[in-house]
Amino acid sequence: MGIRLLTSLPKRLVLLIPASMLLGLGAGLVWDMSPLKVLVLPITMLMVYPMLVNFRIGEALSLRDWRAVGIAMALNFIALPLIAWGLARTFFAGEPGLFVGLLLVGLIPTSGMTISWTGFAQGNVSAAVRMTVVGLLVAALLAPVYLLVFAGAVVDVDVLDIGRTVLLVVFVPMVAGVLTRYSLVRRYGQPHYKRHIAPLFPGLSTVGVMAIVFLAIGLKARMIAADPALLLRVAVPLVVFYMVAFALATLASRAALSRNDALAAVFGSVMRNLSVALGIAIASFGPEAALVLAAAYIVQVQGAAWYVRFADRLFGPAVEQLEAAPVSA
């Protein structure tokens, strides 16, 4: 029963995130949660680690699906960061924490959700895997620089500190994940690992997401209570960001790619790695930035779910059924 519940958690993310936010809000109003801030970085690392157990760096070296990957990366590292920056300047020019939070939504692309939603829409899953690997590696290297360029005039950006956070939040869990997968496959064999062990990791990551969202909201509960319209003010630019991102990715992909590759490119760009971004936000910029990322989970999952429903109308019916990967946070 426990294993079944764990594997079902990622599919309920759209409900679990608001529940975690409400619990964090209630806890933060009742207790002083500031002493728990020391747990942010370790919880973030534990949250990201399960996502990266099945991370294969070798996928980044392949030239297959290069056109789809190229379009997705152009959207990820040129178009979408600029859109996020423009919206941040428009909506949060005088609020540095919220400004950086919205900017981070646009800076860190691709996660297990990229692969999952591509599968649900019957797109090119192998291309989605490649986009996830390339996107995360490039983002980890560029994030400190992008933050300095786009947010340096609004908040103090310590490039070395951001680099240390990225190292702890991305590369340490990545190495641990690769070693974990190697050890488990060696001990139990690839078939047993793939069928019985690998499906557990997205659920573990979801538990970490719930914990970090709970903590992020709890740390700013009194601020939210003093300004009830804050969540609405955060939601509006997020909805605009995802609507523009889906529209732009759809137009670019339809113009240059086949149906399956186009769907991979859409989800390989619009799906953001909110877990990694949330870790950077709360570790380096505080709960206000993290609040934006917590709200982005809700908008992103809902947007992807609706997009899958209209995929056949936008790109035509699927040629063949592809197996969908489990949703990961």
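Look up: the structure comes first, before these words.
Just so it is clear, the model here is predicted, and its values are computed rather than measured.

K.L.:
What is the right way to look at the overall build of the protein chain in this model?
P.N.:
For the protein chain, the helix and strand inventory stands at 16 helices and zero strands. Computed over C-alpha atoms, the radius of gyration of the protein chain comes to 19 Å, within 12% of the 20 Å expected from 2.2 N^0.38 for 329 residues, which places it in the range of a compact globule. In terms of overall dimensions, the protein chain has a C-alpha envelope of 55 × 45 × 35 Å along the principal axes. By the burial criterion, 53% of the 329 residues in the protein chain qualify as buried. Excluding contacts between residues fewer than 6 apart, the proportion of contacts in the protein chain whose partners are at least 24 apart in sequence is 84%. As displayed, the protein chain has an accessible area near 14300 Å², and 68% of this comes from carbon and sulfur atoms.

K.L.:
Got a minute to help me understand the nonpolar core in this structure?
P.N.:
The tendency in soluble globular proteins is for nonpolar side chains to be buried as a group. Among the nonpolar cores identified, the biggest contains 103 residues, and L104, V105, M131, V213, V234, L238 and F267 are the most heavily contacted of them. Broken down by element, this core gets its largest block of residues, 15 residues, from helix α7 (residues 125–151). Counting six residues, the second-largest nonpolar core is a separate cluster that includes V53, I197, A198 and F201.

K.L.:
Can you walk me through the pattern of salt bridges in this structure?
P.N.:
Pairing between side chains becomes possible if they bear opposite charge and their charged atoms approach one another. Within this structure, the stated rule accounts for four salt bridges. In this structure, the salt-bridge partner of R259 is D312, at a minimum N-O distance of 2.8 Å. Taken together, the positions of R259 in helix α13 (residues 259–270) and D312 in helix α16 (residues 311–315) put the pair 53 residues apart, joining distant regions of the chain. When its relative accessible area of 41% is taken as the criterion, D312 is described as partly exposed. Members of the salt-bridge network, linked through shared partners, are E95, D227 and R233.

K.L.:
It is not clear to me how empty space enclosed by the protein should be interpreted in this structure. Could you clarify?
P.N.:
Over the atoms a probe the size of a water molecule is rolled, and this reveals where empty space is left. All chains considered together, the criterion is met by one cavity of 30 Å³ or more. In this model, the largest cavity occupies a volume close to 30 Å³. Put simply, the parts of the chain that give the lining of the largest cavity at least two residues each are α7, α8 (159–188) and α14 (274–284). Looking at the lining of the largest cavity, the element that brings in the most residues is α7, giving four residues. Taken together, the residues of the lining of the largest cavity break down into nine nonpolar, no polar and no charged.

K.L.:
Sorry if this is basic, but what is going on with a nonpolar patch on the surface here?
P.N.:
There is a patch of nonpolar side chains on the surface, built from F91, L232, V236, V240 and V244 and spanning about 380 Å² of accessible area. Its place among the elements puts L232 in helix α12 (residues 230–256). Since its relative accessible area comes to 59%, L232 is described here as exposed.

K.L.:
Teacher, can you tell me more about the packing of α8 against α14 here?
P.N.:
A pair of packed helices is captured by two measures, namely the crossing angle of their axes and the spacing between those axes. Relative orientation of the contacting elements α8 and α14 amounts to 135 degrees, with a least axis distance of 10 Å. Taken together, α8 and α14 sit at an angle that is classed as oblique. Here α8 and α14 pass one another in a crossing that is right-handed. For the pair α8 and α14, the contacting residues are D161, I162, T165, V166, V169 and V170 in the first and V276, G279, I280, A283 and S284 in the second. For the contact of α8 with α14, the class distribution of residues is seven nonpolar, three polar and one charged.

K.L.:
Honestly, α8 in this entry has me stumped. Any pointers?
P.N.:
Three or four residues apart is the spacing at which side chains of an α-helix point the same way, because the helix has 3.6 residues per turn. Its 30 residues give α8 an end-to-end C-alpha distance of 42 Å, which sits within 8% of 44 Å, the value for a rise of 1.5 Å per residue. The largest bend in α8 amounts to roughly 35 degrees and is located at L167. Buried within α8 are the following residues: I162, T165, V166, V169, V170, P173, M174, G177, T180, R181 and V185. Residues of α8 that are buried sit in contact with α3 (40–51), α7, α9 (190–197), α10 (200–219) and α14.

K.L.:
What exactly am I supposed to notice about the packing of α14 against helix α15 (residues 287–309) here?
P.N.:
It is the contact of α14 with α15, at a shortest axis distance of 8 Å, that shows an interaxial angle of 165 degrees. In terms of their interaxial angle, α14 and α15 are classed as roughly antiparallel. In this structure, the crossing between α14 and α15 has a hand that is left-handed. Taking contact as the criterion, the partners of L274, S275, A277, L278, A281 and I282 in α14 are, on α15, A289, A290, L293, A294, A296, Y297 and Q300. Residue composition of the contact of α14 with α15, by class: 11 nonpolar, two polar and no charged.

K.L.:
Is there a simple way to explain the packing of aromatic side chains in this structure?
P.N.:
The relation between two aromatic rings is expressed through the spacing of the ring centres and the mutual angle of the planes. Taken as a whole, this structure holds six aromatic pairs when the rule is applied. For the ring pair W85 and F150, a centre distance of 5.9 Å and an interplane angle of 50 degrees mean the geometry is tilted. Taken together, the residues span a long stretch of sequence, with W85 in helix α4 (residues 66–91) and F150 in helix α7 at a distance of 65 residues. Residue classification places W85 among the partly exposed positions, given a relative accessible area of 26%. Note on F91 and F92: the rings are 6.5 Å apart at their centroids and 55 degrees apart in plane angle, and the pair reads as tilted. Connected via pairs of aromatic rings, a cluster forms that spans W85, Y146 and F150.

Conventions used here
- Residues numbered from 1 in each chain as written.
- Predicted model: local features only at pLDDT ≥ 70, side-chain atom pairs only at ≥ 80, totals over all residues.
- Heavy atoms only, no water.
- Helix = DSSP H or I, 4+ residues; strand = E, 2+ residues; numbered from the N terminus.
- Rg over C-alpha atoms; globule rule 2.2 N^0.38 Å.
- Buried < 20%, exposed > 50% of the residue type's maximum accessible area, 1.4 Å probe, protein only.
- Contact = heavy atoms within 4.5 Å.
- Areas by Shrake-Rupley, 256 points an atom, 1.4 Å probe, with all protein chains shown as cover.
- Core = buried A, V, L, I, M, F, W, Y, C linked by side-chain atoms within 4.5 Å.
- Salt bridge = Lys/Arg side-chain N within 4 Å of Asp/Glu carboxyl O.
- 1 Å grid on protein atoms, 1.4 Å probe; cavity = no way out; pocket = protein on both sides within 12 Å on 5 of 7 lines; lining within 4 Å.
- Points joined across faces, edges and corners; volume = space filled by probe spheres on them.
- Nonpolar A, V, L, I, M, F, W, Y, C, P; charged D, E, K, R; others polar.
- Patch = residues over 30% accessible without salt bridge, like charges linked within 9 Å, V, L, I, M, F, W, Y side chains within 5 Å.
- Axes fitted to C-alpha atoms, helices over the stretch in contact; angles between N-to-C directions.
- Parallel < 35°, antiparallel > 145°, perpendicular 65-115°, else oblique.
- Left-handed = near helix turned anticlockwise from the far one by under 90°.
- Expected span 1.5 Å × (residues − 1).
- Bend = angle between axes of the 7 residues up to and from the residue.
- Phe/Tyr/Trp six-rings, centres within 6.5 Å; stacked < 30°, edge-to-face > 60°.

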